[in-house]
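Architecture at a glance
Letter by letter, the chains look like this.
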Amino acid sequence: MLNNKFWQAFFALAPIIVFFGFFIVYFLFIFSIFSNIDDFEANGNTSASLILGNVVWFFAFIVLTILISFGSLIFYIVHAVQNPNLKENNLLIVWILLFVFVSGIGQLIYWLVEIVSKRNLLSS
């Protein structure tokens, strides 16, 4: 699984895509509240159920974001530890620190620098 091109690309791109998706869902959530404010005032108690329904979807998306980001972190730490090119010097420590502190951007950079560029060198 670590050398599968699909999973490498998925775990590199998914945290960033989900991050931007999170903001889209957040703005849709806020927009739905403000666009239905007249209905909320007219119906009274129904407004609470509409808002809570949107909050459930919002928090489900947050949980999905956390799970994908955590899975990506674990996947790329394991990949870096098993990468023989990083055993010779301190790059392994640098990459792991980058993964932990920069999260999605760190995995994307690692995928581009250590996987895609090395794959292109081997195929040429």
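What you see is a predicted model; the values in this text were computed from it and never measured. (Residues numbered from 1 in each chain as written. Predicted model: local features only at pLDDT ≥ 70, side-chain atom pairs only at ≥ 80, totals over all residues. Heavy atoms only, no water.)

Check the secondary structure of the protein chain and you find five helices and zero strands. Written out in order from the N terminus, the α and β elements of the protein chain read α-α-α-α-α. When each of the 124 residues of the protein chain is scored for burial, the buried share is 29%. When contacts within the protein chain are restricted to residue pairs at least 6 apart in sequence, those whose partners lie at least 24 apart make up 67%. Of the roughly 8200 Å² of accessible surface on the protein chain, a fraction of 74% belongs to carbon and sulfur atoms. (Helix = DSSP H or I, 4+ residues; strand = E, 2+ residues; numbered from the N terminus. Buried < 20%, exposed > 50% of the residue type's maximum accessible area, 1.4 Å probe, protein only. Contact = heavy atoms within 4.5 Å. Areas by Shrake-Rupley, 256 points an atom, 1.4 Å probe, with all protein chains shown as cover.)

With that settled, the discussion passes to a nonpolar patch on the surface. Among the surface-exposed residues, I93, L97, V100, F101, V102, I105, I109, L112 and V113 lie close enough to one another that they form a single nonpolar patch of about 800 Å² accessible area. Mapped onto the nonpolar patch, the elements with two or more residues apiece are α4 (91-102) and α5 (104-123). The biggest single contributor to the nonpolar patch is α4, with five residues. Within the element layout of this structure, V113 appears in helix α5. (Patch = residues over 30% accessible without salt bridge, like charges linked within 9 Å, V, L, I, M, F, W, Y side chains within 5 Å. Salt bridge = Lys/Arg side-chain N within 4 Å of Asp/Glu carboxyl O.)

For the rest of this paragraph, the subject is α4. Two residues of an α-helix separated by three or four positions point the same way, owing to the 3.6 residues in each turn. Between its first and last C-alpha, α4 extends 16 Å over twelve residues, near the 16 Å set by a 1.5 Å rise per residue. Where α4 terminates, the next one or two residues include S103, which has phi positive at roughly 50°. (Expected span 1.5 Å × (residues − 1).)

A word on the pattern of salt bridges. Opposite charge on two side chains lets them pair, provided their charged atoms get close. Per the stated rule, a full pass over the model turns up one salt bridge. Close ionic contact of E114 with K118 constitutes a salt bridge, the shortest N to O distance being 3.9 Å. Placement of the pair is E114 and K118 together in helix α5, with a separation of four residues, close to one helical turn.

Glancing now at helix α1 (residues 5-35). For α1, which comprises 31 residues, the first-to-last C-alpha distance of 43 Å matches the rise-based estimate of 45 Å (1.5 Å per residue) to within 8%. The set of residues buried in α1 consists of Q8, A9, F11, A12, A14, P15, I16, V18, G21, F29, S32 and I33. Where α1 begins, the side chain of N4 points an oxygen toward the backbone nitrogen of F6, at a separation of 3.0 Å. (Polar contact = N/O pair within 3.5 Å; in protein donor to acceptor, adjacent residues only side chain to side chain.)

Here S103, not a glycine, exhibits a phi torsion of approximately 50°, which is positive. By the element assignment, S103 lies in the loop between α4 and α5.

Moving on to the layout of surface pockets. Over the atoms rolls a probe the size of a water molecule, and in doing so it shows where empty space is left. In this structure, the largest pocket encloses a volume near 260 Å³. Elements that contribute at least two residues to the lining of the largest pocket include exactly α1, α3 (46-82) and α5. Ranked by residues supplied to the lining of the largest pocket, first place goes to α5 with five residues. In terms of residue class, the lining of the largest pocket is made up of four nonpolar, six polar and four charged. (1 Å grid on protein atoms, 1.4 Å probe; cavity = no way out; pocket = protein on both sides within 12 Å on 5 of 7 lines; lining within 4 Å. Points joined across faces, edges and corners; volume = space filled by probe spheres on them. Nonpolar A, V, L, I, M, F, W, Y, C, P; charged D, E, K, R; others polar.)

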